[in-house]
2 protein chains.
Amino acid sequence: MIRESRLLLHWSPRSPYVRKVMIAAHEAGLEDRIDTVRTVVGGTTPHLELMEDNPLGKLPTLIPPDGTAIYDSYVIVEYFNTLKPAAGLIPREGPARIVALRRHALGNGILDILLQWLGERGRPAERQSEPHIALWRSKIAACIVALEAEADDLAATPFGIGHIAIGVALGYLDFRFKAEPWRPGQERLAAWFESFQRRPSVVAHPPVDDS
Amino acid sequence: MIRESRLLLHWSPRSPYVRKVMIAAHEAGLEDRIDTVRTVVGGTTPHLELMEDNPLGKLPTLIPPDGTAIYDSYVIVEYFNTLKPAAGLIPREGPARIVALRRHALGNGILDILLQWLGERGRPAERQSEPHIALWRSKIAACIVALEAEADDLAATPFGIGHIAIGVALGYLDFRFKAEPWRPGQERLAAWFESFQRRPSVVAHPPVDDS
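Since this is a predicted model, take the numbers as computed values, not measurements.

## Regarding the domain arrangement of chain A
Residues and elements named next belong to chain A. Taken domain by domain, chain A holds domain 1 (7–87) and domain 2 (94–199). On a C-alpha basis, the centres of domain 1 and domain 2 stand 21 Å from each other. Contact with domain 1, which involves 12 residues of that partner, is made by 19 residues of domain 2. For the pairing of domain 1 and domain 2, the buried interface totals around 1,300 Å² over both sides, and the portion due to carbon and sulfur atoms is 62%. Its largest share of buried area at the contact with domain 2, domain 1 owes to Tyr 17, Lys 20 and Tyr 74, together 41% of the area lost on that side.

Pasting the structure below:
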């Protein structure tokens, strides 16, 4: 028997983009092939070793057997999808594919806003911008309302990349933005998120703050 | 003859993400089906009308005939690809697909950094963060070096979404970051970019600052 080739992942338990990839790997049955290397990015110090593989210096970055780095998180999930198409991480074609990708873009866009917001909170108080925080808060609120409106359809669609991105985004709100409750008035979305939280792939990869 | 259905695009001549989409539409022969609506985002004022279609409040956002909004720019290009698969905007499968998507992620990641940088320059001087600007400058420099290393391969690969993202990112450096020259020492990348600049789709959609 040939030993399955290994995948090296620049990883952190705090990164929601890494979490998306780990949940996707679990769903596709690929988790056992991944070796994780703890990589600490963030703040304003460039990570020169990571930037040799990914000049953007971002997590996650995957190194497949041929050594050619793959990023960002979406492209890594596309790669998993080529290895295990039967897992259905991304619908192959048609309107279902576009809906799934649009949902992924929405979940990922929420994460992008939250990470900017978090970065802003990490600045010295006198260099923080209240107008930006107000803008981000209003966008997150609009996203939650939009998700509530499609929560029933989300629940009725085969699980895949869109669900992963949206669930990880809501989980990140709980993880880092406890002062910004999103559930009030959004019963259907909250119910869908409860079911997301019970999936084995999600349970196996919680966000962890080990700092 | 049935009139071809129209596509409505939230558009701006200044947005590099919109420019990616317009170049892709041109390459796919879809440009004539698109009606553009000038949408001004940026700064810290939420665009409530746009946010009804895309709660992230970002450009580009496409409204196809069925009225269900499609975003972000990558997903719009995926949609174009389903309408005109023969245009080859995205390789259908295999390693070529992953390489093209990784190149798209690199070009788009450069744009994300440049837009953050630009936003920082737009803040009051006392709320700007020099360490962030230094980080972004170092990342852009690393990206240019990485692109130079694969410039010959880029030139040898059938034109598609990866080329569009990278070309638009380099064009945005020229457009908004004239004080940050990227060509010195990067002859192969500069040569490839010259050929990109001569494509009819690129010539037809220059970045324009009409403010």
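Picking up where we left off.
## Comments concerning the interface of chain A and chain B
Across the contact, 45 residues belong to chain A and 45 residues belong to chain B. Regarding the contact of chain A and chain B, the summed buried area is about 3,700 Å², with carbon and sulfur atoms giving 63% of it. The largest share of the area that chain A buries against chain B comes from Leu 56, Ile 98 and Arg 123 of chain A, three residues that together contribute 17% of it. Remark: the boundary between chain A and chain B carries 6 salt bridges.

## So, the packing of helix H7 (residues 161–176) of chain A against helix H8 (residues 187–197) of chain A
All names here are of chain A. Packing of H7 against H8 brings their axes to within 10 Å, and their N-to-C directions diverge by 100°. By the angle class used here, H7 and H8 are roughly perpendicular. Listed contacts from H8 to His 163, Ile 164, Ile 166, Gly 167, Val 168, Leu 170, Gly 171 and Asp 174 of H7 are Leu 189, Trp 192, Phe 193 and Phe 196. Residue composition of the contact of H7 with H8, grouped by class: 8 nonpolar, 3 polar and 1 charged.

Rules behind the numbers
- Residues numbered from 1 in each chain as written.
- Chains lettered and ligands numbered in written order.
- Predicted model: local features only at pLDDT ≥ 70, side-chain atom pairs only at ≥ 80, totals over all residues.
- Heavy atoms only, no water.
- Domains from an automatic or database assignment.
- Contact = heavy atoms within 4.5 Å.
- Buried area = accessible area lost by both parts, 1.4 Å probe.
- Salt bridge = Lys/Arg side-chain N within 4 Å of Asp/Glu carboxyl O.
- Axes fitted to C-alpha atoms, helices over the stretch in contact; angles between N-to-C directions.
- Helix = DSSP H or I, 4+ residues; strand = E, 2+ residues; numbered from the N terminus.
- Parallel < 35°, antiparallel > 145°, perpendicular 65-115°, else oblique.
- Nonpolar A, V, L, I, M, F, W, Y, C, P; charged D, E, K, R; others polar.

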